[in-house]
Amino acid sequence: MARAGTTRNPLVIAATALVVVAAAAAGWGGWERYDASHDDAASYAQARDDALAAGEQAVQNMNTLDHRTLEKGLDSWEESTTGDLHRQLVEGRDAFAEQIVAAKTVSTAKVLSGAVTELDERAGRAGVMVALRVTVAAPKGEPAVKESRMLGTLTRTAEGWKLSALGQAPVGSTAG
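Residues numbered from 1 in each chain as written. Predicted model: local features only at pLDDT ≥ 70, side-chain atom pairs only at ≥ 80, totals over all residues. Heavy atoms only, no water.

Asker: With reference to specific residues and values, describe the overall build of the protein chain.
Answerer: Each helix and strand counted, the protein chain has four helices and five strands in total. In sequence order, the protein chain lays out its α and β elements as α-α-β-α-α-β-β-β-β. Computed over the C-alpha atoms, the radius of gyration of the protein chain is 28 Å, more than 25% above the 16 Å expected from 2.2 N^0.38 for a compact globule of 176 residues. Along the first, second and third principal axes, the C-alpha set of the protein chain runs to 105 × 40 × 35 Å. Split into buried and exposed, the 176 residues of the protein chain put 26% on the buried side. Look at the contacts in the protein chain between residues 6 or more apart in sequence, and 51% of them connect residues 24 or more apart. Working note: accessible area of the protein chain is about 11,900 Å², and carbon and sulfur atoms make up 56% of it. Positive and negative charge centroids in the protein chain, built from 18 and 22 side chains respectively, lie 6 Å apart. (Helix = DSSP H or I, 4+ residues; strand = E, 2+ residues; numbered from the N terminus. Rg over C-alpha atoms; globule rule 2.2 N^0.38 Å. Buried < 20%, exposed > 50% of the residue type's maximum accessible area, 1.4 Å probe, protein only. Contact = heavy atoms within 4.5 Å. Areas by Shrake-Rupley, 256 points an atom, 1.4 Å probe, with all protein chains shown as cover. Lys, Arg positive; Asp, Glu negative; His and termini not counted. Charge placed at Lys NZ, Arg CZ, Asp CG, Glu CD.)

What follows is the structure, encoded as structure tokens:
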């Protein structure tokens, strides 16, 4: 006579164990995902990556201009900037356009590398350094190729990070 309830089916035991392990793994994974999404380091890294991508693109935009598609290029400059830099570009647009049309130049920039030099998320400011290779082609002669480093200041706007200042990075050693 078999005793009811004391004999255990090994398949039921294995299935129960698998369910318990799967539930524990799901709970652990959920907690890890929650923890990572609320991690300040991950948020800071994302803000840094966003600022760098916007900074590299804006610096590239500001060093690319084709006299044949001048309006589009100048619009790109204005869309990439904010603050005093934006105001200067808007105010000087007509005079600058005349110079580019007269020179008939085509400049193209390629980002070689970039880095965020500072990031203040609370203030909505960031600094970037971008290394570029700029090629300027005029109607006559060979294209001129120049590599340079640019320092940019970014300001966070409702549309995202935009350049608020741009200049050449100093070259050479400052050590005495």
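There is more to say, and it comes next.
Asker: Kindly report on the packing of aromatic side chains, identifying the contributing residues and their values.
Answerer: Per the stated rule, a full pass over the model turns up two aromatic pairs. Aromatic pair W77 and F96: ring centres 5.2 Å apart, planes at 40°, arrangement tilted. Of this pair, W77 sits in helix α3 (residues 70–79) while F96 sits in helix α4 (residues 83–103), placing them 19 residues apart in sequence. Judged by its relative accessible area of 10%, W77 is buried. With a relative accessible area of 28%, F96 lands in the partly exposed category. (Phe/Tyr/Trp six-rings, centres within 6.5 Å; stacked < 30°, edge-to-face > 60°.)

Asker: Can you break down the environment of M62 residue by residue, with the values?
Answerer: With respect to the element layout, M62 can be found in helix α2 (residues 40–62). Each C-alpha atom, one on M62 and one on A97, is 14 Å from the other, the two residues being 35 residues apart in sequence.

Everything listed here is a matter of coordinates, which is why it stays silent on function.
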